[in-house]
Amino acid sequence: MAVQEIWLVRHGESLANVAAARAEAAGEDVIDVEYRDADVPLSPLGESQSRSLGQELADRGIDDVPVALWVSPYLRAQQTIEIALGAGGLAEPDRRVDERLRDRELGVLDLLTLRGVRNRYPDEERRRQWLGKYYHRPAGGESWADVMLRLRSALVDVERIEGTERLVVAAHDAVVMLVVAVCLDLDEPALMEFARTHAVANASLTRLRRERAGAPWVLEEFSSVGHLDDDEVTAHTGRKDDEHVR
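The rules behind the values
Residues numbered from 1 in each chain as written. Predicted model: local features only at pLDDT ≥ 70, side-chain atom pairs only at ≥ 80, totals over all residues. Heavy atoms only, no water. Helix = DSSP H or I, 4+ residues; strand = E, 2+ residues; numbered from the N terminus. Rg over C-alpha atoms; globule rule 2.2 N^0.38 Å. Buried < 20%, exposed > 50% of the residue type's maximum accessible area, 1.4 Å probe, protein only. Lys, Arg positive; Asp, Glu negative; His and termini not counted. Charge placed at Lys NZ, Arg CZ, Asp CG, Glu CD. Salt bridge = Lys/Arg side-chain N within 4 Å of Asp/Glu carboxyl O. Arc of directions from axis to C-beta. Contact = heavy atoms within 4.5 Å. Pairing = 2+ DSSP bridges. Axes fitted to C-alpha atoms, helices over the stretch in contact; angles between N-to-C directions. Core = buried A, V, L, I, M, F, W, Y, C linked by side-chain atoms within 4.5 Å. Parallel < 35°, antiparallel > 145°, perpendicular 65-115°, else oblique. Left-handed = near helix turned anticlockwise from the far one by under 90°. Nonpolar A, V, L, I, M, F, W, Y, C, P; charged D, E, K, R; others polar.

A. Local environment of the overall build of the protein chain. If you tally the helices and strands in the protein chain, you get eight helices and six strands. The N-to-C order of helical and strand elements in the protein chain reads β-α-α-β-α-β-α-α-α-β-α-α-β-β. Taking 2.2 N^0.38 as the reference for a compact globule, 246 residues should give roughly 18 Å; the C-alpha atoms of the protein chain span a radius of gyration of 18 Å, in line with that estimate. Taking the principal axes of the C-alpha coordinates as reference, the protein chain spans close to 55 × 35 × 30 Å. With 246 residues in all, the protein chain has 57% of them scored as buried. Averaging the locations of the 31 positively and 46 negatively charged side chains of the protein chain gives two centres separated by 5 Å.

Rendered as structure tokens:
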């Protein structure tokens, strides 16, 4: 039995998402967050989104087939899946916490708004505009290509999972977007065009499927939020340099 489906869950809204939106709206340089990135918890809305997600997972029969669970080590992703499983009355599958599923690292640009990057690191801003999101690696951070490299390594392990048909991954917007890119074999132009017209919403569900091991993956659903009420839907980018960059 081989994995035939990958269900990708983005974490619910986090306190850092809220702080980033507030700082951008106020025209501030720095995002006021008291936690390191790995320790940022969900906001109250993020907890509500996670409960709604859990009911959706239960309604879809997530455990109708053997399931494995991979989770980012970051707190917001772990909280999301724990709340979702509890709200849906679902038994927790075998869980693997994998550091390769962590959010993209921004290095010196972490906790800066777009305005803050322009004001404090103008040379880095020029490099970013020249190289584009796919290849730009901020000092001490990662490019999208870097994140894809570690995700390719993680996805090799999918073929080693035994006795499981469905893999659930709870992680971050960049991870969701780039797992899709790896599975669909998107190059830079194709990925940039896809990202231009698609965003990964908080507590959303994305699904990939294949007929058998070794067969090509097909994207069946991207960033579905039909389980959320209108006032629960949020599409925070999560990473401060992902907007307005080619």
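B. Focus on the pattern of salt bridges. Tallied over the full model, the rule gives 27 salt bridges. Between Asp-98 and Arg-96 there is a salt bridge whose closest N-O contact spans 3.1 Å. Accessibility expressed as a relative area gives 29% for Arg-96, which makes it partly exposed. Across the salt bridge formed by Asp-157 and Arg-96, the nearest N and O atoms sit 2.6 Å from each other. Of this pair, Asp-157 sits in the loop between helix H6 (144-156) and strand E4 (166-171) while Arg-96 sits in strand E3 (residues 94-97), placing them 61 residues apart in sequence. For Asp-157, a relative accessible area of 13% corresponds to the buried category. Connected through shared salt-bridge partners, Glu-56, Arg-60, Arg-207, Glu-220 and Glu-221 make up one network.

C. Focus on unusual backbone geometry. With phi around 70 degrees, Leu-111 is a residue other than glycine that occupies positive phi space. The topology assignment puts Leu-111 in the loop between E3 and helix H4 (114-120). According to the relative accessible area criterion, Leu-111 is partly exposed, its value standing at 29%. A positive phi is found at Asp-185, a non-glycine position, where the angle reads about 60 degrees.

D. Structural context of helix H5 (residues 122-131). Residues Glu-124, Glu-125 and Arg-128 constitute the buried set of H5. One face of H5 carries all of its buried residues, which in axial projection span an arc of 105 degrees. The exposed set on the far side of H5, more than 90 degrees from its buried face, consists of Asp-123, Arg-126 and Trp-130. The elements touched by buried residues of H5 are H4. Just beyond H5, the residue with positive phi is Gly-132, at close to 85 degrees.

E. Just the sheet that holds strand E5 (residues 205-209), in detail. If you trace the six strands from one edge of the open sheet to the other, you get E3-E2-E4-E1-E5-E6, paired in mixed fashion. Of all strands in the sheet, those bounded by a partner on one side alone are E3 and strand E6 (218-224). Across the sheet, the axes of successive neighbouring strands diverge by a mean angle of 15 degrees, strand direction being ignored. The strands that helix H3 (residues 75-87) touches are strand E1 (5-10), strand E2 (67-71), E3 and E4; relative to E2, the one it contacts most, it runs at about 145 degrees.

F. Spotlight on the nonpolar core. By size, the foremost hydrophobic cluster in this structure holds 36 residues, and its most contacted members are Ile-6, Leu-167, Met-177 and Leu-191. The element best represented in this core is helix H7 (residues 173-184), accounting for nine residues. Once you skip the residues sitting within four places of it in the chain, Leu-191 turns out to touch Tyr-134, Trp-144, Met-148, Met-177, Leu-178, Ala-181 and Leu-186. Core analysis: the second largest hydrophobic core is formed by 16 residues, Ile-62, Ala-77, Leu-90 and Leu-205 among them.

G. Highlighting the packing of H6 against H7. Remark: H6 packs on H7, axes separated minimally by 9 Å, with the N-to-C direction vectors making an angle of 65 degrees. If you check the angle between H6 and H7, you find them roughly perpendicular. Read as a crossing pair, H6 and H7 show a hand that is right-handed. On H7, the residues touching Trp-144, Val-147, Met-148, Leu-151, Arg-152 and Leu-155 of H6 are Val-175, Met-177, Leu-178, Val-179, Ala-181, Val-182 and Cys-183. Looking at side-chain class alone, the contact of H6 with H7 contains 12 nonpolar, no polar and one charged residues.

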